[in-house]
Amino acid sequence: MAKVAFSKLQATIKDIVNVCSYGNKAGDMIDYEVKTYLPFEQKLVLVSNVINQSVDDNGFYNPMRTDMFLALEVVYAYTNLTFTDKMKEDVFKLYDLLISTGIYASIIEAIGADYNVIVQNVYMTIENIYKYKNSVLGILESVSSNYENLNLDLTAIQEKLADPNSLSLIKEILPMTNVSMV
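### Things to note about the overall build of the chain
Turning to step 1, where the next piece is worked out: Looking only at helices and strands, one finds 9 helices and 2 strands in the chain.
Turning to step 2, where the next piece is worked out: Shown N-terminal to C-terminal, the secondary structure of the chain runs as helices and strands in the order β-β-α-α-α-α-α-α-α-α-α.
Turning to step 3, where the next piece is worked out: Of all 182 residues assigned to the chain, the portion counted as buried reaches 22%.
Turning to step 4, where the next piece is worked out: By sequence separation, contacts in the chain at least 24 residues apart represent 56% of the contacts at least 6 residues apart.
Turning to step 5, where the next piece is worked out: A total accessible area of about 13600 Å² is found for the chain, and carbon and sulfur atoms account for 58% of it.

If you want it as C-alpha cells, here you go:
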C-alpha cells in the first residue's frame, strides 16, 4: 500500500455552528449560536471544570451537582451566550433558567453527537476517580496523606502514658474484664 501524506488531504477541523432561537418576554426571537464540535483541549478543560466543581467537601461527587455544572460548562463552551458576573454567582438560578425554559435542551440538540462525548467522559472520569481512591495505591496515598497530618511526637506520647492519671480509667476497667495489666 502506498503512503499518502496527511497534509495532501488538506483536512481542517469542523467549524459548524447551528443557530437556535428563543422567544423572549417581549415576543422577540433572539438567535444564538451553538458549536457542533469543541476542540480536544477545550473538552479537557470543560470536563476538568465539571469534575472540580461537582465534588463536595467529603470527596463525594454529587450527581445533581455534576449535572448542573455539566450543563453550565456546556453552555459556556459551546454557545455565544454571555452571562453577567452576578448571574454566574447564583449558579442554581442560572441552571434552573436554562433547564426550565428549554434553552438547554435546544443547545444539546444543536450540539449533537459531541455532547454525548462530553457526558460520557465526565462520568467515566468520576468512575475512574472512585476506582483509584478504592485501589491499593489510592488507599496507600490516602493513608500516607493522613499520616503526614498526624502529630507523632513520641516524647509527648511517652509522657502521657507515664502519667498515672491518664491510665486511671483503664486501671478501673481492666479488673472488670478479667484482663491483667503487665
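Structure's up, so let's keep going.
### Observations concerning the environment of glycine 59
Turning to step 1, where the next piece is worked out: Residue position: glycine 59 is located in the loop between α1 (40–54) and α2 (63–78).
Turning to step 2, where the next piece is worked out: By relative accessible area, glycine 59 is classed as buried at 17%.
Turning to step 3, where the next piece is worked out: With 71 residues separating them along the chain, glycine 59 and tyrosine 130 place their C-alpha atoms 9.6 Å apart.
Turning to step 4, where the next piece is worked out: Residues contacting glycine 59, with those up to four places away along its chain left out, are Tyr130 and Lys133.

### Focus: α1
Turning to step 1, where the next piece is worked out: Over its 15 residues, α1 runs 21 Å from end to end, which matches the ideal 21 Å to within 8%, given 1.5 Å per residue.
Turning to step 2, where the next piece is worked out: If you check which residues of α1 are buried, you get Lys43, Leu46, Val47, Val50, Ile51 and Ser54. One side of α1 carries all its buried residues, which in axial view fall inside an arc of 130°. Exposed and facing more than 90 degrees away from the buried side of α1 are Glu41 and Asn52.

### What to know about the packing of aromatic side chains
Turning to step 1, where the next piece is worked out: As enumerated under the stated definition, the model contains 2 aromatic pairs in all.
Turning to step 2, where the next piece is worked out: An angle of 65° between the planes, with centres 5.7 Å apart, marks the rings of tyrosine 76 and phenylalanine 83 as edge-to-face.
Turning to step 3, where the next piece is worked out: Given the relative accessible area of 26%, tyrosine 76 is considered partly exposed.
Turning to step 4, where the next piece is worked out: Ring geometry for tyrosine 104 versus tyrosine 115: centroids 6.3 Å apart, planes at 75°, classification edge-to-face. Of the two residues, tyrosine 104 is situated in helix α5 (residues 103–111) and tyrosine 115 in helix α6 (residues 113–133); the sequence distance between them amounts to 11 residues.

### A look at the pairing of strand β1 (residues 17–23)
Turning to step 1, where the next piece is worked out: As defined by bridge partners, β1 adjoins strand β2 (residues 29–35) across 7 bridges and the pair is classed as antiparallel. Counted as the bridge partner of valine 19 is glutamate 33 from β2.
Turning to step 2, where the next piece is worked out: Counting the residues in the hairpin turn of β1 and β2 gives 5 residues, including glycine 27, whose phi is positive at 90°.

### Regarding a negative patch on the surface
Turning to step 1, where the next piece is worked out: Side chains of Asp85, Glu89, Asp90 and Asp96 sit close together on the surface and give a patch of like negative charge.
Turning to step 2, where the next piece is worked out: Along the chain, aspartate 90 turns up in the loop between α3 (85–89) and α4 (91–100).
Turning to step 3, where the next piece is worked out: Owing to a relative accessible area of 35%, aspartate 90 belongs among the partly exposed residues under this scheme.

Conventions used here
- Residues numbered from 1 in each chain as written.
- Predicted model: local features only at pLDDT ≥ 70, side-chain atom pairs only at ≥ 80, totals over all residues.
- Heavy atoms only, no water.
- Helix = DSSP H or I, 4+ residues; strand = E, 2+ residues; numbered from the N terminus.
- Buried < 20%, exposed > 50% of the residue type's maximum accessible area, 1.4 Å probe, protein only.
- Contact = heavy atoms within 4.5 Å.
- Areas by Shrake-Rupley, 256 points an atom, 1.4 Å probe, with all protein chains shown as cover.
- Expected span 1.5 Å × (residues − 1).
- Arc of directions from axis to C-beta.
- Phe/Tyr/Trp six-rings, centres within 6.5 Å; stacked < 30°, edge-to-face > 60°.
- Pairing = 2+ DSSP bridges.
- Patch = residues over 30% accessible without salt bridge, like charges linked within 9 Å, V, L, I, M, F, W, Y side chains within 5 Å.
- Salt bridge = Lys/Arg side-chain N within 4 Å of Asp/Glu carboxyl O.
- Lys, Arg positive; Asp, Glu negative; His and termini not counted.
- Charge placed at Lys NZ, Arg CZ, Asp CG, Glu CD.

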